[in-house]
Amino acid sequence: MQEVRVNKTVGAGLVFIAFAIAFAFGALQLDLGTLSQLGPGYFPFAMAMLLLILGVVSLVEGLRKPDVSTVTIPWRPIIMIVVALLFFGSTIRGLGLMPTLFLTIFAAAMADKRNTLLSATCLSAVMSVFSWLVFKVGLGAVVPTFGPWLVSY
Amino acid sequence: MELFQHLELGLSVALASQNIMYCFLGVLMGTLIGVLPGIGPVATIALLLPITYGVPPESALVLLAGIYYGAQYGGSTTAILLSLPGESSAAVTVLDGYQMAQQGRAGAALATAALGSFFAGTVATFVIALASPPLTKLAMSFGSAEYFSLMVLGLLGAVSLASGSVLRAITMAVLGILLGLVGQDVYTGVTRMTMDIPELMDGVSFSALAMGIFGLGEVVRNLRSPEERTVTKSSIGRLMLSWQEIKQIAMPVVRGTGIGSVLGVLPGGGSLLSSFVSYTTERKMAKDPSRFGKGAIEGVAGPESANNAGAQTSFIPMLTLGIPSNPVMAMMIGALIIQGITPGPNVINERPELFWGVIASMWLGNLMLVVLNLPLIGVWVRLLTVPYRFLFPAIVGFCCIGVFSVTNSGFGLYVLLVAFIFGFIVWELDCEPAPLLLGFLLGPMLEENFRRAMLLAHGEIGTFVVRPISAGILLVALVMILIVALPNVRKSRNEVFVE
């Protein structure tokens, strides 16, 4: 965990402005059309401009009345969940449902330091069998139980 | 009478063995997540969206609706027994419910909550059945300009009644609209703002977005704060209410039902607002207001009826107009869209079995909840002792399989990842993501109606204020925003949410 001091209003303004610029840029690549025949870019561009205005308002408000507060960033949970998602996304096709899910849940369990290796292993085992029953047996998911990286056809 | 024909059709759908099963599954899961602190209905419905992919649309909605009102019940159980509202709408139940439990009257409080909710649920079912057809007819007569204005009203209404800064909520809604526009343009087929990623051609996946922001977001926030809960040691007491108590709760239940039925229909209304208003009303009407906060049974009866009625009537704008009034309704719309059904006034005519089936199932589900909750209360209490650290890895796992099965690609997981990080950042900046979700779903519909209206008006942007109905709707929206922006309303509104 890490404590960071931020001005939330300014932060929100900056996030909104960044998105507004990105979307405005994207919309300008498209045909804006005319008012009686709107093109695909018109509405996105108008919304991006609205977002920009709102973002600037937030930024100005935050700079005028600085409200600085402390935010705690729980690094461990964030990183472990990111690892779990990346692992799942990149191996589900290769390893198949069971092994991927087992390791994904194991990684996720490690996000909380009160979970021990033993409890994480038990949780992963129970959950992957349960999910296999629900998704593979119950709902007939197309993904193989054990993928091509493990089983050769 | 037409009403009874509709309800009969609805019951025939709701009583189909498959739908009874989904209804039961829904209220069971709803109760479960209402009881388990740290798992809310929005996140759960987000998690379960992929499962509904494979079942008929009516079963899907029956299931999701069951989760929603089931969670209201479960939330009151923890509010009474633990002083811990499992659901935000049960927050006021804590005030008197927990006091009753401390005095050994937990059973009476639980019974009051269950009976009040059942009564409210029954009445609300009829309210929906009566109010929906005329509203649908009205909506059918609307042109694109009116529809656009109506959606603006829906969005602003939902935003202005939410907690937190109105400005940020509106901004989040606009950002949501933009995210909803990513993908192919329906008119010209051009791909828009996809950053040349082919997987984004079909747009950003709603389930990945919702699961990343709500499902995984909740996990991280819960992991940050240490768990603390103590199950009340005192016995639950008898569940039967005395004649005296029944007389005491009768009027609060009726008033709560009325308040909830009306407020639930408003955009942004629903169960939270209803329970607050009902509590204040009961306190004002009581002969001896000082009893409140010390175990007044009316303080449980009113809000519990109100939040259930509100939860149910909030389905009205979603079912008749296709406009979600709160994040849970947004999830329902998401479920319909996944099924290939465009939400809106056409649903009632084109899919009457879906429409009336869902409504009838709500009444059936409320009946099941009484049975599930009162005799089985001991089981739920025991569940409260499951630590969160055993639950959350399963949630992460479900998010992964869920997103994968909807998008059928590893790419969906990366969208989930980005949504998760994005959700964490905005939540920490005090920007609530619920309006973003509403904007995301309404974005494409807003654009379509805007473009069509402009085409019909030959580019006259004034068409939205020249047409009387459209102008009226926009005026209401404007007044609503102005009222919320007024300094003293703002203050009292903040007080309500802090309480």
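About the thresholds
Residues numbered from 1 in each chain as written. Chains lettered and ligands numbered in written order. Predicted model: local features only at pLDDT ≥ 70, side-chain atom pairs only at ≥ 80, totals over all residues. Heavy atoms only, no water. Helix = DSSP H or I, 4+ residues; strand = E, 2+ residues; numbered from the N terminus. Rg over C-alpha atoms; globule rule 2.2 N^0.38 Å. Buried < 20%, exposed > 50% of the residue type's maximum accessible area, 1.4 Å probe, protein only. Areas by Shrake-Rupley, 256 points an atom, 1.4 Å probe, with all protein chains shown as cover. Lys, Arg positive; Asp, Glu negative; His and termini not counted. Charge placed at Lys NZ, Arg CZ, Asp CG, Glu CD. Contact = heavy atoms within 4.5 Å. Phe/Tyr/Trp six-rings, centres within 6.5 Å; stacked < 30°, edge-to-face > 60°. Lys NZ or Arg CZ within 6 Å of the ring centre and 35° of its normal. pLDDT = per-residue confidence, 0-100. Polar contact = N/O pair within 3.5 Å; in protein donor to acceptor, adjacent residues only side chain to side chain. Salt bridge = Lys/Arg side-chain N within 4 Å of Asp/Glu carboxyl O. Buried area = accessible area lost by both parts, 1.4 Å probe. UniProt positions renumbered as here; feature names shortened; annotations may be inferred.

**A short note on the overall build of chain B**
- Within chain B one finds 23 helices and two strands.
- In terms of overall size, chain B behaves like a compact globule, its C-alpha atoms giving a radius of gyration of 22 Å where 499 residues would be expected to give roughly 23 Å.
- Taking all 499 residues of chain B together, the buried fraction comes to 61%.
- Summed over all atoms, the accessible surface of chain B reaches about 18200 Å², with 67% contributed by carbon and sulfur.
- Side chains of chain B give 25 positive and 28 negative charges; the mean places of these two sets differ by 10 Å.

**Description of unusual backbone geometry**
Residue and element names in this part refer to chain B.
- Of note in the backbone geometry, Asn-408 takes a positive phi value of approximately 55° without being a glycine.
- Counting through the fold element by element, Asn-408 comes out in the loop between helix H18 (388-407) and helix H19 (411-428).
- Classification of Asn-408 as partly exposed rests on a relative accessible area of 39%.
- Although it is not a glycine, His-458 adopts a positive phi angle of roughly 55°.
- In this fold, His-458 is placed in the loop between helix H20 (434-456) and helix H21 (463-466).

**Digging into the environment of Leu209(B)**
Residue and element names in this part refer to chain B.
- For Leu-209, the location among the structural elements is in helix H9 (residues 206-224).
- Separated by 213 residues in sequence, Leu-209 and Phe-422 have C-alpha atoms that sit 9.7 Å apart.
- Apart from residues lying up to four places away in sequence, Leu-209 is in contact with Val-204, Ala-419, Leu-436, Leu-437 and Phe-440.

**Comments concerning the packing of aromatic side chains**
- Overall, the coordinates contain 15 aromatic pairs over all chains when judged by the stated rule.
- Ring centres of Tyr42(A) and Phe450(B) lie 6.4 Å apart, and the angle between their planes is 20°; on these two criteria the pair is classed as stacked. Pair noted here: Tyr42(A) is in helix H2 (residues 42-64) and Phe450(B) is in helix H20, and the two residues belong to different chains.
- By relative accessible area, Phe450(B) is classed as buried at 8%.
- For the pair Phe148(B) and Phe464(B), a centre-to-centre distance of 4.8 Å together with 45° between the ring planes defines the contact as tilted. Here the residue Phe148(B) occupies a position in helix H7 (residues 144-160), and Phe464(B) occupies one in helix H21, the gap between them amounting to 316 residues.
- Cation over ring: Arg221(B) sits above Trp427(B), and NZ or CZ is 3.6 Å from the ring centre.

**Describing the confidence of the model for chain B**
- Per-residue confidence for chain B gives a mean pLDDT of 85, with 93% of residues at or over 70.
- At the level of chain-chain contacts, confidence expressed as ipTM amounts to 0.94, with global pTM at 0.87.

**Some words on the side chain of Thr52(B)**
All names here are of chain B.
- Summarising the element assignment, Thr-52 is placed in helix H3 (residues 41-52).
- Take Thr-52: its relative accessible area is 1%, and that puts it in the buried class.
- At 2.5 Å, the side chain of Thr-52 and the backbone oxygen of Leu-49 are in polar contact.
- In this structure, Thr-52 is in contact with Ala-60, Leu-63, Leu-64 and Gln-339, ignoring residues within four places of it in sequence.

**A word on the pattern of salt bridges**
Residues and elements named next belong to chain B.
- In this structure the tally under the stated criterion is eleven salt bridges over all chains.
- In this structure, Glu-353 and Arg-351 form a salt bridge, with 3.3 Å as the shortest nitrogen-oxygen distance.
- By relative accessible area, which is 27% here, Arg-351 ends up partly exposed.
- Across the salt bridge formed by Arg-451 and Glu-447, the nearest N and O atoms sit 3.0 Å from each other. Of this pair, Arg-451 and Glu-447 both sit in helix H20, four residues apart, which is roughly one turn of that helix.
- Connected through shared salt-bridge partners, Asp-185, Arg-192, Glu-447 and Arg-451 make up one network.

**Regarding the interface of chain A and chain B**
- In this assembly, 64 residues from chain A lie in contact with 62 residues from chain B.
- Of the roughly 5500 Å² buried between chain A and chain B, counting both surfaces, carbon and sulfur atoms make up 82%.
- Among the residues of chain A in contact with chain B, Phe23(A), Phe43(A) and Leu85(A) are the three that bury the most area, contributing 13% of the side total.
- Counting across the interface, chain A meets chain B through one salt bridge.
- Among the ionic pairs, Asp430(B) bridges to Lys8(A), the shortest N-O distance being 3.4 Å.
- Taken together, the links from chain A to chain B amount to eight residue pairs in polar contact (both at pLDDT 80 or more).
- Elements with a minimum of two residues in the side of chain A that touches chain B: helix H1 (8-28), strand E3 (37-38), H2, strand E4 (68-73), helix H3 (75-95), helix H4 (97-109) and helix H5 (117-138) of chain A.

**Focus: the UniProt feature "transmembrane region" (unreviewed entry) in chain A**
Residues and elements named next belong to chain A.
- Mapped onto this numbering, the UniProt entry gives "transmembrane region" (unreviewed entry) at residues 12-30, 42-60, 81-109 and 129-151.
- Between the end C-alpha atoms of residues 12-30 the distance is 28 Å, and the span holds 89% helix and 0% strand.
- Split by type, residues 81-109 is 97% helix and 0% strand. Its first and last C-alpha atoms lie 9 Å apart.

**Focus on the side chain of Arg192(B)**
- Relative to the elements of secondary structure, Arg192(B) occurs in strand E2 (residues 191-192).
- Among the polar contacts made by the side chain of Arg192(B), one reaches the side chain of Glu447(B) at a distance of 2.8 Å.
- Not counting residues within four places of it along the chain, the set of residues in contact with Arg192(B) comprises Leu30(A), Pro40(A), Pro44(A), Leu181(B), Val182(B), Gly183(B), Asp185(B), Glu447(B) and Arg451(B).

**Regarding the environment of Gly33(A)**
Residues and elements named next belong to chain A.
- Along the chain, Gly-33 falls in strand E2 (residues 33-34).
- On a C-alpha basis, the gap between Gly-33 and Met-110 in space is 53 Å, while along the polypeptide they are 77 residues apart.
- Setting aside its immediate chain neighbours within four residues, Gly-33 contacts Leu-38 and Gly-39.

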